[in-house]
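Results of the structural survey
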Amino acid sequence: DLIRAAGLTAFYPARKYYGTHRREAESISAYVGTARKTIAMVSVNLMTGLPFDDLTKTLRGKLTDATSITVIVSLLDPRATSLMNALCPALDMEPETLSSMIFESLEKLISLRDTVPPERRHSFQIRVHKSIPFGSAILLDVDEPDGRIQIETKPYKVPSQRSFGFEVMRTCDDGLYESLLEGYRELIRDGEEVGPTFIEARSKAGN
């Protein structure tokens, strides 16, 4: 009864389980690719390497398609020293390393937006948030009856492959889905949108 009340539609004890029962969840790019109208992603850094490249291809395809999909990606503000210092012990890395990784991800996202047709760029927001959420989130088609929110987090200093995640859907007007949606929307709203000048300012500061 509690599982139904929470709207829990999937639970993944570790990352290796994402694709075992749902092909559309085997990777972030595959999961995001199922969205029809809206995509919002809230994360510390997203990821690096090939998985990041796969995600950018998926986002580019969605944004150049004839549909009117909107995309928001919000990462932890890499300029906020207090946030870097607070989170890095849990990630088992140095604050400067995490900050550089986030800047690198933002730079790739901004470069991606530059490849989107000019008339569609307003549909792609790149933002930084100024508080640590309790987990990374992917919110798909959240205002639709079949909207989904997937959360992933991990225990202190545990390797990322042992992160666990869950997905919820709407069950009632004041359920878990609505609470998560409200919280992540506020987190995004309290941050700020960034563009090329954000990266340029960092480069100048480094010089």
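Note that the structure is predicted; figures quoted are calculated from it, not measured.

1. Concerning the overall build of the protein chain
In terms of regular secondary structure, the protein chain is built from 7 helices and 8 strands. Whereas a compact globule of 207 residues would reach a radius of gyration of roughly 17 Å, the protein chain reaches 17 Å, a difference of no more than 12%. In terms of overall dimensions, the protein chain has a C-alpha envelope of 60 × 45 × 30 Å along the principal axes. Restricting the contact set of the protein chain to residue pairs at least 6 apart, pairs at least 24 apart contribute 70%. As displayed, the protein chain offers around 10900 Å² of accessible surface, 54% of which is attributable to carbon and sulfur atoms. Taking the average place of the 26 positive charges on the side chains of the protein chain and the average place of its 29 negative ones, the gap between the two points comes to 3 Å.

2. Remarks on the nonpolar core
Ranked by internal contacts, the top residues of the largest apolar core, which has 40 residues, are Ile 39, Val 73 and Leu 106. Look past the residues within four positions of Ile 39 in its chain and what remains in contact with it is Val 32, Leu 59, Lys 62, Ile 69, Thr 70, Val 71, Ile 72, Leu 139 and Leu 140.

3. What to know about the sheet that holds strand β8 (residues 192-193)
In spatial order, the strands read β1-β7-β6-β5-β2-β3-β4-β8; together these 8 strands make up an open sheet with mixed pairing. The sheet terminates laterally at β1 (8-12) and β8, the two strands that pair on one side only. Contacting β3 (70-76), β4 (124-129) and β8, helix α5 (residues 95-115) runs over the sheet at an angle of about 165 degrees to β4.

4. Focus: the pairing of strand β5 (residues 136-140)
Taking burial as the measure, the 5 residues of β5 include 4 buried ones, the bulk of the element. When strand β2 (residues 38-43) meets β5, the two strands line up antiparallel, connected through 4 bridges. Paired with Ala 40 across the two strands is Leu 139, which belongs to β5. Of the pairings in the sheet, the one linking β5 to strand β6 (residues 148-153) comprises 5 bridges and is antiparallel in character. Its bridge partner lying in β6, Leu 140 is registered against Arg 148.

5. A word on α5
End to end, α5 covers 31 Å across 21 residues, agreeing with the expected 30 Å (1.5 Å per residue, within 8%). Among the residues of α5, Pro 95, Leu 98, Ser 99, Ile 102, Phe 103, Ser 105, Leu 106, Leu 109, Ile 110, Leu 112 and Arg 113 are the ones counted as buried.

6. A closer look at the packing of helix α4 (residues 81-91) against α5
In contact at an axis separation of 9 Å, α4 and α5 are set at 100 degrees when each is read in the N-to-C sense. Relative to α5, the element α4 lies roughly perpendicular. On the side of α4, the interface is formed by Met 84, Asn 85, Leu 87, Cys 88 and Leu 91, while α5 contributes Pro 95, Leu 98, Ser 99 and Ile 102. Partitioning the contact of α4 with α5 into residue classes produces 7 nonpolar, 2 polar and no charged.

7. So, the pattern of salt bridges
This model, assessed by the stated rule, comprises 15 salt bridges. A salt bridge links Glu 186 to Arg 189; its shortest N-O distance comes to 2.6 Å. Taken as a pair, Glu 186 and Arg 189 lie in helix α6 (residues 176-189) at a separation of 3 residues, close to a single helical turn. What makes Glu 186 partly exposed here is its relative accessible area of 37%. On the basis of relative accessible area, Arg 189 is assigned to the exposed category, the value being 52%.

8. Details of the environment of Glu 192
Examined against the element boundaries, Glu 192 turns out to sit in strand β8. Given the relative accessible area of 29%, Glu 192 is considered partly exposed. It is 5.6 Å that separates the C-alpha atoms of Glu 192 and Val 128, two residues lying 64 residues apart in sequence. Not counting residues up to four positions away in its chain, the partners in contact with Glu 192 are Asp 77, Arg 79, Ile 126, Arg 127, Val 128 and Lys 130. Separated by 2.7 Å, the side chains of Glu 192 and Arg 79 make a polar contact.

9. A word on the confidence of the model for the protein chain
For the protein chain, per-residue confidence averages 91 on the pLDDT scale, and 96% of positions sit at 70 or higher. Per-element confidence in the protein chain is highest for β4, whose mean pLDDT is 97, and lowest for helix α7 (residues 196-206), whose mean pLDDT is 76.

10. Topic: α6
Across its 14 residues, α6 extends 20 Å between first and last C-alpha, which sits within 8% of the 20 Å expected from 1.5 Å per residue. Three or more residues of α6 are buried, namely Tyr 177, Glu 178, Leu 180, Leu 181, Tyr 184, Leu 187 and Ile 188. Along its buried surface, α6 packs onto β2, β3, β4, β5, β6 and β7 (164-169).

11. Things to note about unusual backbone geometry
The backbone phi angle of Asp 92 is positive, close to 60 degrees, even though this residue is not glycine. Structurally, the position occupied by Asp 92 is in the loop between α4 and α5.

How each quantity is defined
- Residues numbered from 1 in each chain as written.
- Predicted model: local features only at pLDDT ≥ 70, side-chain atom pairs only at ≥ 80, totals over all residues.
- Heavy atoms only, no water.
- Helix = DSSP H or I, 4+ residues; strand = E, 2+ residues; numbered from the N terminus.
- Rg over C-alpha atoms; globule rule 2.2 N^0.38 Å.
- Contact = heavy atoms within 4.5 Å.
- Areas by Shrake-Rupley, 256 points an atom, 1.4 Å probe, with all protein chains shown as cover.
- Lys, Arg positive; Asp, Glu negative; His and termini not counted.
- Charge placed at Lys NZ, Arg CZ, Asp CG, Glu CD.
- Core = buried A, V, L, I, M, F, W, Y, C linked by side-chain atoms within 4.5 Å.
- Buried < 20%, exposed > 50% of the residue type's maximum accessible area, 1.4 Å probe, protein only.
- Pairing = 2+ DSSP bridges.
- Axes fitted to C-alpha atoms, helices over the stretch in contact; angles between N-to-C directions.
- Expected span 1.5 Å × (residues − 1).
- Parallel < 35°, antiparallel > 145°, perpendicular 65-115°, else oblique.
- Nonpolar A, V, L, I, M, F, W, Y, C, P; charged D, E, K, R; others polar.
- Salt bridge = Lys/Arg side-chain N within 4 Å of Asp/Glu carboxyl O.
- Polar contact = N/O pair within 3.5 Å; in protein donor to acceptor, adjacent residues only side chain to side chain.
- pLDDT = per-residue confidence, 0-100.

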